[in-house]
Amino acid sequence: MLTVRAPATSANLGSGFDVFGVALGAPADVVRVERAPETTISITGAGSQYIPEDPKKNTVGAVAEALDAPARIRIDKGVRPSSGLGSSAASAAAAAVALNELYGRGLTREELVPIAAEGEALVSGEAHADNVAPSLLGGFTVVTDGGVTQVDTSIPLVACLPEITVSTRDARAVVPEHARMDNVVDTVGNAATLAVGMARNDPELVGKGMADEIVTPERTALIDGYAQVRDAALEAGATGVTVSGAGPGVLAVCHHADRRAIAAAMLDAFDAAGIESRAYQTTVGPGARLYTD
Ligand SMILES: Nc1ncnc2c1ncn2[C@@H]1O[C@H](COP(=O)(O)OP(=O)(O)OP(=O)(O)O)[C@@H](O)[C@H]1O
Ligand SMILES: N[C@@H](CCO)C(=O)O
């Protein structure tokens, strides 16, 4: 049996819609695989009751099919689905690493990115790879048609997850089809600032570079209490705040010493809006890890 732990991720980071992503130190999914004549899936853990065990409807089933690697697959969910923390991607990334090893396919982590993205196509209608790439490779990733660029970094983060759900499919429906050129110019500048900040491990540059006037404002409207939570995090010292992935998770970038106060401020602000939430105080971390029993 092979076991893989694959981390939650946060995609977009505001200015990098469908391009940027980071691996989170926590939470994570754990996937165990054994060879079998046909693929079966069982699921335990966070939100498992909302996730289909039918291989044709589960991201790990799509990965098993893409790798022609049937298996008995057990998923222990650390990442709740429809969270904005790359839940479906964490399972897909873990399965890709595990099944690649189980069947000796010999693919590199980079080569597994489009395979794991097949799972994302299944659940959100598009094979966007901005969650599976950081879950497989760790650190900060930039996904383009030309491939994936990755840099290791350890920027401190707080990811706050409210007890509401926003499906990626619904959140993609509000993305505007057109943008004004001045907003595009601003967003390109912010994205470049953010990327430099990641390379320099500088939370000030990363936070500043998350600003985005094109996609983020449309999505914040889907998250009750977002404005209050953002303001509370900024007051508590966050260098930048944005929607995590497609939401409803909210991501704050900060200095290490401010994480606790920011987490408390975000939890209180959601609470004041009548919404329970939990906060992960973490950093950008490593990618999927394989264990052999
Ligand atoms: N292995 C899996 N883990 C989690 N969700 C899955 C899995 N397989 C299928 N799904 C389905 O995918 C949907 C959740 O995926 P979605 O992309 O909406 O959320 P997410 O991965 O948490 O968020 P985001 O991509 O915005 O970070 C749910 O409908 C869930 O049932
Ligand atoms: N880039 C995707 C990520 C979903 O997690 C989106 O925002 O729709």
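As the structure is a computational prediction, the values presented were derived from the model and not from experiment. (Residues numbered from 1 in each chain as written. Chains lettered and ligands numbered in written order. Predicted model: local features only at pLDDT ≥ 70, side-chain atom pairs only at ≥ 80, totals over all residues. Heavy atoms only, no water.)

Draft legend 1. Layout of the UniProt feature "binding site: ATP" (unreviewed entry) in the protein chain. The feature "binding site: ATP" (unreviewed entry), as annotated in UniProt, sits at Arg-80, Pro-81, Ser-82, Ser-83, Gly-84, Leu-85, Gly-86, Ser-87, Ser-88, Ala-89 and Ala-90 in this numbering. With respect to the element layout, Ser-88 can be found in helix H2 (residues 87-102). You can call Ser-88 partly exposed: its relative accessible area is 25%. If sequence neighbours within four positions are ignored, Ser-88 has contacts with Thr-59, Lys-77, Glu-120 and Val-123. Checked against the element boundaries, Ala-90 lands in helix H2. For Ala-90, a relative accessible area of 0% translates into the label buried. Aside from chain neighbours lying at most four places away, what touches Ala-90 is Ala-6, Pro-7, Asp-29, Val-79 and Ser-135. (UniProt positions renumbered as here; feature names shortened; annotations may be inferred. Helix = DSSP H or I, 4+ residues; strand = E, 2+ residues; numbered from the N terminus. Buried < 20%, exposed > 50% of the residue type's maximum accessible area, 1.4 Å probe, protein only. Contact = heavy atoms within 4.5 Å.)

Draft legend 2. Representation of the packing of aromatic side chains in the model. For the coordinates displayed, the defined rule picks out one aromatic pair. Consider the rings of Phe-20 and Phe-140, whose centres lie 5.1 Å apart with planes at 65°: the pair is edge-to-face. With a gap of 120 residues between them, Phe-20 in strand E2 (residues 20-35) and Phe-140 in strand E5 (residues 140-144) connect regions that are remote in the sequence. In this structure, Phe-20 and Phe-140 share a single accessibility class: buried. Seen from the ring of Tyr-103, Arg-35 lies directly overhead, with NZ or CZ sitting 4.1 Å from the centre. (Phe/Tyr/Trp six-rings, centres within 6.5 Å; stacked < 30°, edge-to-face > 60°. Lys NZ or Arg CZ within 6 Å of the ring centre and 35° of its normal.)

Draft legend 3. Just the site of ligand 2, in detail. In the vicinity of ligand 2, the residues found are Ala-11, Asn-12, Phe-17, Asp-18, His-128, Asp-130, Asn-131, Thr-168, Arg-172, Arg-219, Gly-245 and Ala-246. One nitrogen or oxygen atom from the side chain of Asp-130 is found 2.5 Å from a nitrogen atom belonging to ligand 2. Between Arg-172 and ligand 2, the recorded distance is 2.6 Å, taken from a side-chain N or O atom to an oxygen atom. Both domains that furnish three or more residues to the shell around ligand 2 are identified here as domain 1 (2-151) and domain 2 (156-283). (Near = heavy atom within 4 Å. Polar contact = N/O pair within 3.5 Å; in protein donor to acceptor, adjacent residues only side chain to side chain. Domains from an automatic or database assignment.)

Draft legend 4. The arrangement of the pairing of strand E9 (residues 250-253) in detail. Burial of the side chains of E9 extends over both faces: Val-250 and Ala-252 are buried on one face and Leu-251 and Val-253 on the other. Linking strand E8 (residues 240-243) back to E9 in an antiparallel pair, the connection comprises six residues, with Gly-245 at a positive phi of about 55°. (Pairing = 2+ DSSP bridges.)

Draft legend 5. Layout of the domain arrangement of the protein chain. Domain boundaries in the protein chain define domain 1 (2-151) and domain 2 (156-283). Placing the centre of domain 1 and that of domain 2 at their C-alpha centroids yields a distance of 23 Å. At the interface, 30 residues of domain 1 touch 39 residues of domain 2. Carbon and sulfur atoms supply 61% of the area that domain 1 and domain 2 bury against each other, a total of about 2300 Å² over both sides. (Buried area = accessible area lost by both parts, 1.4 Å probe.)

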